[in-house]
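# Tertiary structure, described
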Amino acid sequence: MIRPQSESTGALQNARVAAVQMVSTPRVEENLQTAGRLVSEAVAQGAELVALPEYFPIMGLRDGDKVKVREADACGPIQDFLAETARRHGIWLVGGSLPLIASEEDKVLNSCLVYNPQGERVARYDKIHLFGFQKGAERYKESATIEAGYQPVAFATPFARVGLSICYDIRFPELYRALGVTDLLVIPAAFTETTGCAHWEILLRARAIENQCYVLAAAQGGKHENGRETHGNSLLIDPWGDILERKAKGPGIVIGELDHARIAEVRTSLPALKHRVM
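Predicted model, so just to flag it, every value in this text is computed and none were measured.

## Describing the packing of aromatic side chains
Taken as a whole and assessed by the stated rule, the structure comprises seven aromatic pairs. For the pair Phe 56 and Phe 81, a centre-to-centre distance of 6.3 Å together with 35 degrees between the ring planes defines the contact as tilted. A residue pair is termed long-range when its members are at least 10 positions apart, and Phe 56 in the loop between strand E2 (49-51) and helix H2 (65-68) and Phe 81 in helix H3 (residues 77-89) qualify at 25 residues. Take Phe 56: its relative accessible area is 0%, and that puts it in the buried class.

Spelled out as structure tokens, the structure:
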């Protein structure tokens, strides 16, 4: 078991953070326009960090559609959009996930890219856990078109140490322990309606409670052109597991404050992170 790193030292400022919820289409340019509009809406409400959902640039008609629009690392219109959007607004932008070139020609890496207020990329996380599900006629097998990542990733901002994960990762608490102590977990997702109704909120609240940090979950949320329905319910959750903001369905944003006094209060009254023995 990997022990957590030391808690953040020094006084960190509070910040407003936002999650964008989308119902992405098979058309990349259309999705970029929607994402840009919703990011602008979050910034107008004071957001300093904005997170987009998993596969914000494309929800294809077929699984292979994302392979057709995959980009080389650090090169392509989707990545250009993320860098320019972060720079124009002067925000930290967590780019949900997008398809990047993998080692196999018929697969992609499902990658979350992070940009600072200068538009510079500061982190990349490739989704580690690949979703598989079968219940009646409903079937998913991400490993057919996605190559798994292997490295947990966190990054630092002036207001938080932020851990990254994507969608199905939330079922694996050991990943978050490997990140060390964080102030904020950002979790882009495209949860199915079936699994989302059963487990989405429960798992997100559990990750917030056990890591005693904020969780910002940016989801796909609605009926897509391929017939798939995603669960939505983008959430901001505090370190006690209380839900601060929710967007149930449809495009929109969730926004609220990351409050370091609240983190300290929870960790002082119940110092579970210090009580770990494994």
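## Considering the pattern of salt bridges
When charged atoms on two side chains of opposite charge get close, those side chains can pair. Taken as a whole, this structure holds 19 salt bridges when the rule is applied. Residues Arg 262 and Asp 238 are paired through a salt bridge, measuring 3.0 Å at the closest nitrogen-oxygen approach. Taken together, the residues span a long stretch of sequence, with Arg 262 in helix H6 (residues 260-269) and Asp 238 in the loop between strand E13 (234-237) and strand E14 (243-247) at a distance of 24 residues. No difference in accessibility class separates Arg 262 from Asp 238, as the two residues are buried. Several salt bridges share partner residues, and in doing so they unite Asp 73, Arg 121, Arg 124 and Asp 126 into one network.

## So, the layout of surface pockets
Reported here for the largest pocket is a volume of approximately 500 Å³. Considering the residues around the largest pocket, the lining is formed by 26 residues, among which Asp 63, Lys 66, Tyr 140, Glu 142 and Arg 228 are closest to the centre. No other element matches the three residues that strand E8 (residues 138-141) contributes to the lining of the largest pocket. Its residues placed into classes, the lining of the largest pocket shows 11 nonpolar, five polar and 10 charged.

## Structural notes on the side chain of Asn 116
Along the polypeptide, Asn 116 turns up in the loop between strand E5 (108-115) and strand E6 (121-126). The exposure class of Asn 116 is buried, given its relative accessible area of 6%. One polar contact links Asn 116 to Glu 120, side chain to side chain, over a distance of 2.8 Å. Not counting chain neighbours up to four residues away, the residues in contact with Asn 116 comprise Ala 86, Ile 91, Trp 92 and Val 122.

## Things to note about the nonpolar core
Residues Leu 49, Val 94, Leu 164, Leu 184, Trp 200 and Leu 204 are the most contacted members of the largest nonpolar core, which totals 47 residues. Ranked by residues supplied to this core, first place goes to strand E12 (residues 214-219) with six residues. Beyond its immediate chain neighbours, meaning those up to four positions away, Leu 49 contacts Arg 16, Val 17, Ala 18, Trp 92, Val 94, Phe 159, Val 162, Leu 184, Val 186 and Leu 216. Within the second largest apolar cluster, 29 residues are counted, among which are Ala 35, Leu 52, Ile 78 and Leu 93.

## Some remarks on the pairing of E14
Two elements, E13 and E14, share four bridges in a ladder whose sense is antiparallel. Residue pairing in the sheet places Ile 237 in a bridge with Ile 243 of E14. Where E13 folds back on E14, the antiparallel hairpin that results is connected by five residues, among which Gly 241 adopts a positive phi of roughly 95 degrees.

## Let's talk about the packing of helix H1 (residues 28-44) against H3
Orientation of H1 relative to H3, taken along the N-to-C sense of each, is 15 degrees, at an axis distance of 11 Å. Of the possible angle classes, the one that applies to H1 and H3 is roughly parallel. Viewed along their axes, H1 and H3 form a crossing whose handedness is right-handed. Between H1, through Val 28, Leu 32, Ala 35, Gly 36, Val 39, Ser 40 and Val 43, and H3, the contact on the second element is made entirely by Pro 77, Ile 78, Phe 81, Thr 85, Arg 88 and His 89. In terms of residue class, the contact of H1 with H3 is built from eight nonpolar, four polar and one charged.

## Regarding the sheet that holds E14
The strand order across the open sheet built from six strands is E9-E10-E11-E12-E13-E14, with neighbouring strands paired in mixed fashion. Strand pairing shows two members of the sheet lacking a second neighbour, strand E9 (154-156) and E14, which therefore form its edges. Strand-to-strand twist of the sheet, defined as the mean angle between neighbouring strand axes without regard to direction, takes the value 15 degrees. The pairing of strand E10 (residues 161-164) with strand E11 (residues 184-189) spans three bridges and is parallel. What sits directly across from Gly 163, in E11, is Leu 185.

Quick notes on the rules
Residues numbered from 1 in each chain as written. Predicted model: local features only at pLDDT ≥ 70, side-chain atom pairs only at ≥ 80, totals over all residues. Heavy atoms only, no water. Phe/Tyr/Trp six-rings, centres within 6.5 Å; stacked < 30°, edge-to-face > 60°. Helix = DSSP H or I, 4+ residues; strand = E, 2+ residues; numbered from the N terminus. Buried < 20%, exposed > 50% of the residue type's maximum accessible area, 1.4 Å probe, protein only. Salt bridge = Lys/Arg side-chain N within 4 Å of Asp/Glu carboxyl O. 1 Å grid on protein atoms, 1.4 Å probe; cavity = no way out; pocket = protein on both sides within 12 Å on 5 of 7 lines; lining within 4 Å. Points joined across faces, edges and corners; volume = space filled by probe spheres on them. Nonpolar A, V, L, I, M, F, W, Y, C, P; charged D, E, K, R; others polar. Polar contact = N/O pair within 3.5 Å; in protein donor to acceptor, adjacent residues only side chain to side chain. Contact = heavy atoms within 4.5 Å. Core = buried A, V, L, I, M, F, W, Y, C linked by side-chain atoms within 4.5 Å. Pairing = 2+ DSSP bridges. Axes fitted to C-alpha atoms, helices over the stretch in contact; angles between N-to-C directions. Parallel < 35°, antiparallel > 145°, perpendicular 65-115°, else oblique. Left-handed = near helix turned anticlockwise from the far one by under 90°.

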